[in-house]
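# Results of the structural survey
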2 protein chains.
Amino acid sequence: MAQLRIPGPTPLPPEVLQSQTKQMINHRGSEYHAMMTDVTNKIKYVYQTKNDLFILTGSGTGGMEAAIVNMLSPGDQVLSVSIGIFGDRFASIAQAFGAKIIPCKFEMGKAADPDVVRKALVDNPEVKAVLITHNETSTGVTNDLAALSKVVKSFGKLLIVDCISSMSSINCPVDEWQIDVAISGSQKGWMAPPGLTFVSVSQKAWDAYSKAKMPRFYWDFGQAKKYLAKEETPWTPAVSVIYALQVGLNMLVKEGLENIFARHERVGKATREGAKALGLKLVADEKYASNTVTSIWLPAGIEYKALSKTMREDYQITITGGQGALDGKIFRIGHLGWVDVKDIDECMVALKGALTKLGYKN
Amino acid sequence: MAQLRIPGPTPLPPEVLQSQTKQMINHRGSEYHAMMTDVTNKIKYVYQTKNDLFILTGSGTGGMEAAIVNMLSPGDQVLSVSIGIFGDRFASIAQAFGAKIIPCKFEMGKAADPDVVRKALVDNPEVKAVLITHNETSTGVTNDLAALSKVVKSFGKLLIVDCISSMSSINCPVDEWQIDVAISGSQKGWMAPPGLTFVSVSQKAWDAYSKAKMPRFYWDFGQAKKYLAKEETPWTPAVSVIYALQVGLNMLVKEGLENIFARHERVGKATREGAKALGLKLVADEKYASNTVTSIWLPAGIEYKALSKTMREDYQITITGGQGALDGKIFRIGHLGWVDVKDIDECMVALKGALTKLGYKN
């Protein structure tokens with residue numbers, strides 16, 4: 001069967017696809033109200049949080065912008081802990097709205113070192129918030145967020161985390177790890193189409209909100225809270241995507257968080273072991289390798305375009321390439337959401353066949 | 001058959017609903033590229049424009065925010081031509097981002113008077129941009145945008161128009177009327193679910209963009225243009241909504257603009273005549289009555305909640321109420337998108353039955 005092996009959008013189960021054929025309803029009516037509350041509560045289950053949780057219509061990048069503009073004022077110092085493209089993007093958003101960025105960058109493929117973050121916070125006492133990517137999609141690295149959170153919280157700082165490609169696939173207990181704003185996106189492990197982003201907002205985040213002066217309207221958390229009390233959103237939401245999300249959430253709840261995380265561990269491991277068995281080298285430090293996406297160095301003599309074309313045409317499997325400085329140097333395999341080890345096994349058979357066709361010798 | 005008679009989300013044809021069962025695809029791959037270009041070109045046909053046209057993931061309010069932050073700088077004077085809730089919202093967005101609002105408000109139910117707008121522009125020579133709502137959903141009034149544009153353009157001002165609930169239902173030739181930024185939303189006459197907003201950008205708008213200093217990232221037109229050259233969007237788009245939009249657009253193109261506008265004229269007229277035949281009074285000045293939504297005063301002794309409940313429970317027809325100052329005073333019937341006169345005839349039979357049941361006597 002054709003496989004979409006990219007880190008989002010992810011393949012959708014048939015019942016999720018089918019759910020979108022339901023006719024439109026009034027987004028200010030009782031049927032919508034019940035769905036909104038059900039979906040919000042189930043996302044909170046996955047987030048492992050009692051914090052407020054808002055569903056906003058937009059991509060994950062929109063959720064990141066929402067977190068920035070609701071928490072900060074122009075001129076605020078922000079520590080940007082970045083291990084790749086998406087960490088850099090988070091800093092760019094904050095900078096675009098006038099924050100002063102203190103960079104804390106780590107080498108591609110490595111996780112953030114909590115000791116280096118601690119030193120940065122000692123050196124920069126004025127920092128108001130720390131931006132961290134939980135799972136860096138561009139390199140396939142998962143930060144040790146438990147350890148990073150301990151450091152950030154020992155300084156009493158606001159912790160804003162891009163959990164877009166981890167939440168619902170990798171354990172990320174928002175309350176236990178004291179994440180003030182945690183962002184995710186519907187097209188990742190949630191088994192829903194793209195179009196929605198989720199943000200959780202802690203009490204400390206609400207305190208920051210009350211002082212934050214960056215301009216905002218569409219993404220305003222205060223409006224989202226006011227309307228959620230009426231089981232609605234301030235602006236018209238992506239109704240058909242919520243239909244799909246509800247079905248995806250029911251599947252997640254039925255499977256249970258522990259089983260979901262264990263399954264992603266299995267597929268992550270199967271991908272890494274499969275790649276290594278083919279003699280390929282992984283981009284990520286294996287201690288921090290992501291269970292939702294694996295980045296692999298292209299072997300000498302193999303071009304990304306040829307590999308991706310062969311995978312697609314000979315095996316109906318879609319992989320993706322590197323971004324930024326890694327463009328043309330790596331390829332990536334997504335394994336989050338509706339996926340199990342047999343899919344990865346098929347993918348690895350295809351990868352071996354494609355590489356062999358292109359002249360690769362293990 | 002059940003009817004959703006609100007001004008968006010609108011009922012979707014079966015083939016549009018069915019299109020959403022298509023599996024997810026790579027939003028950076030060739031299949032997506034072809035769809036993106038096809039959909040963009042067909043939206044431009046409906047917009048009657050050669051300007052750039054971008055599809056952004058968000059609600060119509062997001063498109064309004066995008067127009068503001070890409071065109072203006074904090075401190076810029078903006079003339080806000082408002083005839084209702086959505087006109088006021090447009091001004092609120094501009095104000096939230098630091099624009100100085102010069103209000104030019106008209107009584108609810110009336111259209112904007114071009115002579116009043118002319119005087120406001122004479123009195124305020126520093127105005128940089130004029131914000132206008134083409135079709136005001138809260139009152140069911142369609143402004144004479146051709147006449148208003150002539151005034152605005154005689155002063156050489158930037159013209160930014162909320163065409164959310166008009167475009168694809170009511171004639172709105174963007175190039176002929178020299179609209180610099182025209183905004184619409186997928187859940188209106190486009191016969192698609194909510195989740196996407198469209199913006200057209202003229203050369204004059206690009207000139208304004210190059211000087212505009214309001215902070216922006218997610219909504220940045222420059223990024224949208226850069227990625228559209230690659231047949232992509234900067235951030236992950238709402239793919240399943242685009243599937244639906246493509247089918248809706250094919251239906252619009254097949255019907256042809258003239259026929260679409262004529263059909264909306266017929267349903268608009270049928271709604272107004274039907275309401276008047278029941279002895280009801282219209283909110284909108286009939287000279288400017290909208291062909292996509294009709295606002296009707298609640299007759300003495302009839303409460304909105306009882307009317308809406310009876311319509312829903314006895315006839316499976318969903319209507320909507322008034323917003324802001326009109327809450328509890330009016331009800332509204334949406335008639336845009338997948339609708340024809342027979343739907344309105346059914347709706348009027350139901351309205352007569354519901355009103356009679358509630359004790360109304362014509």
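Source: prediction; values computed, not measured.

This paragraph deals with the environment of Phe 261 of chain A. Residue and element names in this part refer to chain A. Mapped onto the elements, Phe 261 comes out in helix H10 (residues 257–277). Its 16 C-beta neighbours within 10 Å are what place Phe 261 among the partly exposed residues. Spatially, the C-alpha atom of Phe 261 lies 32 Å from that of Asp 207, the residues being 54 residues apart in sequence. Beyond its immediate chain neighbours, meaning those up to four positions away, Phe 261 contacts Ile 170 and Asn 171.

As a further point, take the sheet that holds strand S9 (residues 181–185) of chain B. Residues and elements named next belong to chain B. What the seven strands build is an open sheet, ordered S2-S10-S9-S8-S5-S3-S4; its pairing is mixed. The two strands at the open ends of the sheet, each matched to only one other strand, are strand S2 (52–57) and strand S4 (100–105). Adjacent strand axes in the sheet meet at a mean angle of 20° when their direction is disregarded. Pairing analysis gives three bridges linking strand S8 (residues 158–162) to S9, with the strands arranged parallel.

The next point concerns the packing of helix H5 (residues 114–123) of chain B against helix H6 (residues 145–154) of chain B. All names here are of chain B. The geometry of H5 relative to H6 is characterised by a closest axis approach of 9 Å and an angle of 20° between their N-to-C directions. Classified by the angle between their axes, H5 and H6 sit roughly parallel to one another. Judged by the twist between their axes, the crossing of H5 over H6 is right-handed. For the pair H5 and H6, contact is made by Pro 114, Val 117, Arg 118 and Leu 121 and by Ala 147, Leu 148 and Val 151, respectively. In the contact of H5 with H6, the residues fall into six nonpolar, no polar and one charged.

All right, on to the sheet that holds strand S14 (residues 330–334) of chain A then. Residues and elements named next belong to chain A. Taken in spatial order, the three strands line up as S11-S14-S13 in an open sheet, and their pairing is antiparallel. Across the chains shown, the open sheet's two edge strands, defined by having one partner strand only, are strand S11 (293–297) and strand S13 (320–321). Two strands pair when backbone bridges link them, and S11 and S14 are joined in this way by five bridges, in the antiparallel orientation. Residue pairing in the sheet places Thr 294 in a bridge with Ile 333 of S14.

Okay, the interface of chain A and chain B next. By a widespread convention, an interface's size corresponds to the accessible area lost as its parts come together. The interface is formed by 47 residues belonging to chain A together with 47 residues belonging to chain B. When residues of the side of chain A that touches chain B are traced back to their parent elements, those giving at least two are helix H1 (14–19), helix H3 (60–71), helix H4 (85–96) and helix H9 (239–255) of chain A. Partitioning the side of chain A that touches chain B into residue classes produces 21 nonpolar, 23 polar and three charged.

What counts and how
- Residues numbered from 1 in each chain as written.
- Chains lettered and ligands numbered in written order.
- Predicted model: local features only at pLDDT ≥ 70, side-chain atom pairs only at ≥ 80, totals over all residues.
- Helix = DSSP H or I, 4+ residues; strand = E, 2+ residues; numbered from the N terminus.
- Buried ≥ 20, exposed ≤ 12 C-beta atoms within 10 Å, placed from the backbone.
- Contact = placed C-beta atoms within 7 Å.
- Pairing = 2+ DSSP bridges.
- Axes fitted to C-alpha atoms, helices over the stretch in contact; angles between N-to-C directions.
- Parallel < 35°, antiparallel > 145°, perpendicular 65-115°, else oblique.
- Left-handed = near helix turned anticlockwise from the far one by under 90°.
- Nonpolar A, V, L, I, M, F, W, Y, C, P; charged D, E, K, R; others polar.

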